[in-house]
Amino acid sequence: MTSPVAPPPMTYRALGSSGLQVSQIGLGCSGFWGNRRFPEAEAERIVRRALERGVTLFDTGHNYAAFNAEPRLGRILQRAFATHPRDGLMISSKAGTLTGQAGISGAEQRDFSPAAIERSCAASLRNLHCDHLDIFQLHGIGLEQISDELLTALERMRRSGMFRLLGINTHTGAVMRHLAERRGPFDVALIDYNALQQDREPVIAAMHAAGIGVLAGTVLAQGHLLPARPRVPRLADAWYLARAWLKPSSRALMRSAKAMQRTIARVGSQAPAQTAFAYVLQNPAVASGVLGTTRVASLDQVLDTRVDMLAPQERERLVATFQQTGASPSQ
Ligand SMILES: NC(=O)c1ccc[n+]([C@@H]2O[C@H](COP(=O)([O-])OP(=O)(O)OC[C@H]3O[C@@H](n4cnc5c(N)ncnc54)[C@H](OP(=O)(O)O)[C@@H]3O)[C@@H](O)[C@H]2O)c1
């Protein structure tokens, strides 16, 4: 009788030139996970499972899920610190967006004035029951908003111990190129990168070469890279569907994902979500892929990804599909 294959142990990767490491799969604490209608006990089960399996990177945002995701993560982690000490974790949050729903309608209001950014960081520390953030990110900042006044305030905040690493969360190529060319005080970039966004690869390599730790969000293209799962619909699925149709960037993602979704489904070596993660994690310039989920089973499947199992000829099919369709929602 053959024994079941043991799940792969978590791998940790250097986060740019910061000297710190992150689990190669991180947990994104946003979206429906942070929604008040998603029971906190369920959200806690997912975080606990992630911790048990060696996830050290937890990414949230001050405004995520109508300002509910961050304090929810804080309550859950506070209960978990006894068994999973704070020091071993990389807790990441963001400031700058004033609207509470990570832009489901596409309309976001932002404030990157030094006072607003410092206030938001202080509120994040209270919400997360931490004396510092490991990664503090400017959420969707534009180049014209990166002022000397803001950078001076951020350096002061860093010196006073409010955060360790400074990052930018962006989906804009010009901001990524700026980080690669003129790194400045920035250590981390959280970007959108998945098999549909292979045109990101040169700038990812350039950021990595400049010492920036690159985190990939939306590795599953918000689920659009995966075939529909036959199952009883849940409230979470209705929320995902609303996001797919109402948010312009999600609509674009959904439309451009069809051909790649079919190619990924035909890769037989692993489940589609694992193939999507293996594709991103085979890029040595990526420190971690950040997963969003409302299901322990989804999390377990992604954590079971074997990065090397995506064979070169399978990877080649994903590359060929990208080249044939030219499908890329990258900006
Ligand atoms: N979306 C953005 O624009 C954005 C922006 C900034 C930062 N980020 C960061 O990136 C993280 C991830 O982004 P995201 O949640 O938008 O997108 P994602 O991780 O690409 O996709 C999440 C979707 O995939 C589904 N899924 C997860 N694992 C699965 C599996 N094994 N099999 C089938 N379906 C699976 C989830 O459904 P279930 O819940 O049913 O598993 C959910 O619908 C965020 O939490 C955040 O930290 C995202």
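Whatever comes next refers back to the structure up there.
From a predicted model like this one, the values you see are computed outputs, not experimental measurements. (Residues numbered from 1 in each chain as written. Predicted model: local features only at pLDDT ≥ 70, side-chain atom pairs only at ≥ 80, totals over all residues.)

## Notes on unusual backbone geometry
Point 1. Within the chain, His129 stands out as a residue other than glycine whose phi angle is a positive 55°.
Point 2. Positionally, His129 belongs in the loop between helix H4 (114–128) and strand E6 (133–139).
Point 3. According to the C-beta neighbour criterion, His129 is partly exposed, with 16 such atoms within 10 Å.
Point 4. The phi dihedral of Thr218 is positive, around 55°, even though this residue is not glycine. (Helix = DSSP H or I, 4+ residues; strand = E, 2+ residues; numbered from the N terminus. Buried ≥ 20, exposed ≤ 12 C-beta atoms within 10 Å, placed from the backbone.)

## Notes on the sheet that holds strand E8 (residues 188–192)
Point 1. Judged by pairing direction, the barrel is parallel, and its eight strands sit side by side in the order E3-E4-E5-E6-E7-E8-E9-E10 before closing back on the first. Averaged over all neighbouring strand pairs, the angle between strand axes comes to 30°, with direction disregarded. (Pairing = 2+ DSSP bridges. Axes fitted to C-alpha atoms, helices over the stretch in contact; angles between N-to-C directions.)

## A short note on helix H6 (residues 173–181)
Point 1. Those residues of H6 that sit buried are Val175, Met176, Leu179 and Ala180. Taken around the axis of H6, the buried residues stretch over an arc of 140°, which confines them to a single face. More than 90 degrees from the buried face of H6, the exposed residues found are Ala174 and Glu181.
Point 2. Looking at the buried side of H6, the elements it contacts are strand E7 (163–170), E8 and helix H7 (201–209). (Arc of directions from axis to C-beta. Contact = placed C-beta atoms within 7 Å.)

## Side note on the site of the ligand
Point 1. Near the ligand you find 26 residues, and of these Gly28, Gly217, Gly223, Gly292 and Ser298 are the closest.
Point 2. Looking at the shell around the ligand residue by residue, the class counts come to 11 nonpolar, 13 polar and two charged. (Near = placed C-beta within 6 Å. Nonpolar A, V, L, I, M, F, W, Y, C, P; charged D, E, K, R; others polar.)

## Quick notes on the packing of helix H3 (residues 69–80) against H4
Point 1. Direction vectors running N to C along H3 and H4 enclose 40°, while the axes themselves pass 7 Å from each other. Between H3 and H4, the crossing angle belongs to the class labelled oblique. Residues Glu70, Pro71, Leu73, Gly74 and Leu77 of H3 lie in contact with H4, whose contacting residues are Ser124, Asn127 and Leu128.
Point 2. Residue composition of the contact of H3 with H4, grouped by class: four nonpolar, three polar and one charged. (Parallel < 35°, antiparallel > 145°, perpendicular 65-115°, else oblique.)

## Quick look at the pairing of strand E5 (residues 90–95)
Point 1. With six of six residues buried, E5 is to be regarded as a mostly interior element.
Point 2. Both faces of E5 are covered, namely the face carrying Met90, Ser92 and Lys94 and the face carrying Ile91, Ser93 and Ala95.
Point 3. Inspection of the sheet shows strand E4 (residues 57–59) paired to E5 by three bridges, in the parallel sense. Paired with Phe58 across the bridge in E5 is Ile91.
Point 4. Across four bridges, E5 lies against E6 in parallel orientation. Of the residues in E6, the one forming a bridge with Ala95 is Leu138.

## Details of the nonpolar core
Point 1. By size, the foremost hydrophobic cluster in this structure holds 85 residues, and its most contacted members are Ala189, Val214 and Ala276.
Point 2. Here the element with the most residues in this core is helix H11 (residues 272–281); it accounts for seven residues.
Point 3. Ignoring any residue separated from it by four or fewer positions in sequence, one finds Ala276 in contact with Asn194, Ala195, Val219, Leu220, Leu225 and Ile264. (Core = buried A, V, L, I, M, F, W, Y, C linked by C-beta atoms within 7 Å.)

## A look at the environment of Ile191
Point 1. Mapping Ile191 onto the fold places it in strand E8.
Point 2. Residue Ile191 is classed as buried on the basis of its C-beta count, with 26 C-beta atoms lying within 10 Å.
Point 3. It is 9.1 Å that separates the C-alpha atoms of Ile191 and Ile204, two residues lying 13 residues apart in sequence.
Point 4. Ignoring anything within four residues of it in the chain, the contact list for Ile191 reads Thr170, His171, Met176, Arg200, Val214, Ala216 and Gly217.

## Regarding H3
Point 1. When the terminal C-alpha atoms of H3 are compared, their 16 Å separation across 12 residues agrees well with the 16 Å that a helix rising 1.5 Å per residue should span.
Point 2. Regarding H3, the residues found buried are Ala69, Glu70, Arg72, Leu73, Gly74, Ile76 and Leu77.
Point 3. Those residues of H3 hidden inside the fold are in contact with helix H1 (40–52), E4, helix H2 (64–67), E5 and H4. (Expected span 1.5 Å × (residues − 1).)

## Considerations on the environment of Val47
Point 1. Turning to its location among the elements, Val47 is positioned in helix H1.
Point 2. By the C-beta count within 10 Å, which is 22 here, Val47 ends up buried.
Point 3. It is 9.0 Å that separates the C-alpha atoms of Val47 and Ala80, two residues lying 33 residues apart in sequence.
Point 4. Non-local contacts of Val47, meaning those with residues more than four positions away in its chain, are made with Leu27, Ile76 and Ala80.

## Re the pairing of E7
Point 1. The buried fraction of E7 is high, at seven of eight residues.
Point 2. Bridging between E6 and E7 involves six bridges; their strand directions are parallel. Looking across to E7, one finds that Gln137 is bridged to Gly167.
Point 3. The parallel pair E6 and E7 is bridged by helix H5 (residues 148–159), and the resulting crossover is right-handed.
Point 4. Inspection of the sheet shows E7 paired to E8 by four bridges, in the parallel sense. (Right-handed = clockwise from strand over helix to strand, strands pointing away.)

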